[in-house]
Amino acid sequence: MADGPPEAAPARKAAFTVVRRVFENQAYADRSMATAAAGLDARDRALAQRIAYGTVQRKRTIDHGIDLIASRPTAALDPPVVAALRIAAYELAWSEAPPHAIVNDAVQLVRGAGLHHAAGFTNAVARRLAEGFPDLVASLPPGPLAESYPDWVYDVWVRDWGVDEALALMRAQNEPAELVVRSDVPLGTPTDIPGAYRLERGSLEGSDEERVWQSRGSQLAALAVGSQEGENVLDACAAPGAKTTMLSGNVTAVELHPGRARELTANLER
């Protein structure tokens, strides 16, 4: 018996799952990633996260390209097809992955979702994306469409800081985030935030008990509150709880989402 077509790469399969959950079920990307990437090795897990988060981050630009190149709006396509094409478009424009592998895996992702009838369409659109999407992205004028931001966010930033600063901020926030931990003991390179240390990618210095993965911005927000012992403090939308643990006083932490509330409780206990 002949072997069937090869499956999509594990990292793309995990990213496909995350992207579908985010846009079809309004799930949180980080929680979806934790389950979708379970069992992957460190390299595939990192790649899956990059693809999934990048696809979510660049959705507006990606959908603009699909709408033009597919000559059919994403809203009219089956959700698995949209997810596969979004992932393909992201990698084609913002990664060094071989286009033939990206196109092939887009087709396999759709087949794996049971939409064999849509494989031909997915293949055709993915090939056209490979041929034209990177150039389309490069041709977009500077602004919210090119950086995949809502118009209203761009308008507010332009109003408050001017065009140049608004564009710089959008571009900066589309760059991969630095890897920062909060620790009571020195880990990596000290930053301008007390207790925040920058680590190199792939560094696993220290144990999980002595580090908290928390960006400098998150740590700064908690410090800026300036809460004191004896004060009553309300932390709304508190999960996963890193900022909560930096607050002084009588802290009430609230999280409406049941799954994230459980994560909050576990993190506070740890």
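Rules behind the numbers
Residue numbers run consecutively from 1 along every chain, following the written order of its sequence. In view of the model being predicted, local features appear only for residues whose pLDDT reaches at least 70, and side-chain atom pairs are presented and counted only at 80 or more, with totals across whole chains, interfaces and linings using the full set of residues. Each side-chain value is worked out from all heavy atoms of the structure, with water and hydrogens disregarded. To pair, rings of Phe, Tyr and Trp, with the six-membered ring standing in for Trp, must have centres within 6.5 Å; the planes then decide the type, stacked if under 30 degrees apart, edge-to-face if over 60, and tilted in the middle. Secondary structure counts use DSSP, requiring at least four H or I residues in a row for a helix and at least two E residues in a row for a strand, with both numbered from the N terminus. Accessibility here uses a 1.4 Å probe with only protein chains present; expressed as a share of the type maximum, an area under 20% marks a residue as buried, one over 50% as exposed, and anything in between as partly exposed. Lysine NZ or arginine CZ positioned within 6 Å of the ring centre and within 35 degrees of the ring normal marks a charge as sitting over the ring. The axes used here are C-alpha line fits, helices contributing only the stretch in contact, and every angle between their N-to-C directions lies in the interval 0 to 180 degrees. Our angle categories are set so that under 35 degrees counts as roughly parallel, over 145 as roughly antiparallel, 65 to 115 as roughly perpendicular, and the remainder as oblique. Throughout, a contact is declared for two residues whenever any of their heavy atoms are within 4.5 Å. Amino acids outside the nonpolar list (Ala, Val, Leu, Ile, Met, Phe, Trp, Tyr, Cys, Pro) and the charged list (Asp, Glu, Lys, Arg) are all regarded as polar, and Gly is one of them. Working definition of a nonpolar core: buried Ala, Val, Leu, Ile, Met, Phe, Trp, Tyr and Cys residues. They are joined through side-chain atoms within 4.5 Å. Taken from the helix axis, the directions to the C-beta atoms give the arc we talk about. For this analysis, a salt bridge means a side-chain nitrogen from Lys or Arg found within 4 Å of a carboxyl oxygen belonging to Asp or Glu. Each crossing gets its handedness from the near helix: less than a right angle anticlockwise from the far helix is left-handed, clockwise is right-handed.

**A word on the packing of aromatic side chains**
Move 1: Inspection of every chain in the model, using the stated rule, returns 4 aromatic pairs.
Move 2: Arranged with centres 5.7 Å apart and planes meeting at 25°, the rings of Tyr90 and Trp94 form a pair that is stacked. Taken as a pair, Tyr90 and Trp94 lie in helix H5 (residues 79-94) at a separation of 4 residues, close to a single helical turn.
Move 3: Owing to a relative accessible area of 9%, Tyr90 belongs among the buried residues under this scheme.
Move 4: Aromatic ring contacts, followed pair by pair, group Tyr90, Trp94 and Phe133 into a single cluster.
Move 5: When the ring centre of Phe23 is taken as origin, the NZ or CZ atom of Arg86, which lies over that ring, is 4.6 Å away.

**Quick word on the packing of helix H4 (residues 59-70) against H5**
Move 1: As a packed pair, H4 and H5 sit with axes 10 Å apart at the nearest point and diverge in direction by 105°. When the axis of H4 is compared with that of H5, the two are roughly perpendicular. Of H5, the residues touching H4 (which contributes Lys59, Thr61, Ile62, Asp63 and Ile66) are Leu85, Arg86, Ala89, Tyr90 and Trp94.
Move 2: In the contact of H4 with H5, the residues fall into 6 nonpolar, 1 polar and 3 charged.

**Comments concerning the nonpolar core**
Across soluble globular proteins, nonpolar side chains have a tendency to be buried as a group.
Move 1: Counting residues in hydrophobic clusters, the biggest one holds 44 residues, and the most contacted among them are Val18, Ile62, Ile66, Val81, Leu85, Leu129 and Phe133.
Move 2: Contributing elements (two or more residues each) for this core: helix H1 (10-25), helix H2 (29-36), helix H3 (42-57), H4, H5, helix H6 (99-112) and helix H7 (119-139).
Move 3: For this core, the element with the most residues is H5, which contributes 11 residues.
Move 4: Excluding residues that lie within four positions of it along the chain, Leu129 makes contacts with Gly65, Ile66, Ile69, Leu85, Ala89, Leu92 and Pro134.
Move 5: Of all hydrophobic cores here, the second largest spans 7 residues; its members include Trp157, Ala166, Leu167 and Met170.

**Re H2**
Move 1: All of the buried residues in H2 are Ala29, Ser32, Met33 and Ala36. What you see down the axis of H2 is that its buried residues fit within an arc of 100°, all on one side. Turned more than 90 degrees away from the buried face of H2, the exposed residues are Ala34 and Thr35.

**Re the pattern of salt bridges**
Move 1: Overall, the coordinates contain 15 salt bridges when judged by the stated rule.
Move 2: For Arg58, the salt bridge is made with Glu147, and the minimal N-O distance between the two is 3.7 Å. With Arg58 in the loop between H3 and H4 and Glu147 in helix H8 (residues 144-147), the pair connects residues that are 89 residues apart, well separated along the chain.
Move 3: Its relative accessible area of 12% is what places Glu147 among the buried residues.
Move 4: We note a salt bridge from Arg198 to Glu178, for which the minimum N-O separation is 2.9 Å. Linking Arg198 in strand S3 (residues 196-199) with Glu178 in the loop between helix H10 (163-173) and strand S1 (179-183), this pair joins segments that are 20 residues apart in sequence.
Move 5: Where salt bridges share partners, they join Glu178, Asp192, Arg198 and Arg216 into one cluster.

**With respect to the packing of H1 against H3**
Move 1: In the contact formed by H1 and H3, the axes pass within 8 Å of each other and the chain directions differ by 35°. The hand of the H1/H3 crossing is right-handed. Each of Pro10, Ala11, Arg12, Ala14, Ala15, Val18, Val19, Val22 and Phe23 in H1 lies in contact with H3, whose residues at this interface are Asp44, Leu47, Ala48, Ile51, Ala52, Thr55 and Val56.
Move 2: Taken together, the residues of the contact of H1 with H3 break down into 13 nonpolar, 1 polar and 2 charged.

**Considerations on unusual backbone geometry**
What is expected of a backbone is that most residues other than glycine have negative phi and most peptide bonds are trans.
Move 1: Residue Pro240 is bonded to the preceding Ala239 through a cis peptide linkage, with omega at 5°.
Move 2: Tracing the sequence through the fold places Pro240 in the loop between strand S5 (232-235) and strand S6 (250-253).
Move 3: Positive phi values are uncommon outside glycine, yet Ser71 reaches one of about 55°.
Move 4: Inspection of the secondary structure puts Ser71 in the loop between H4 and H5.
Move 5: The backbone of Cys237 sits at a positive phi, close to 50°, despite the residue not being glycine.

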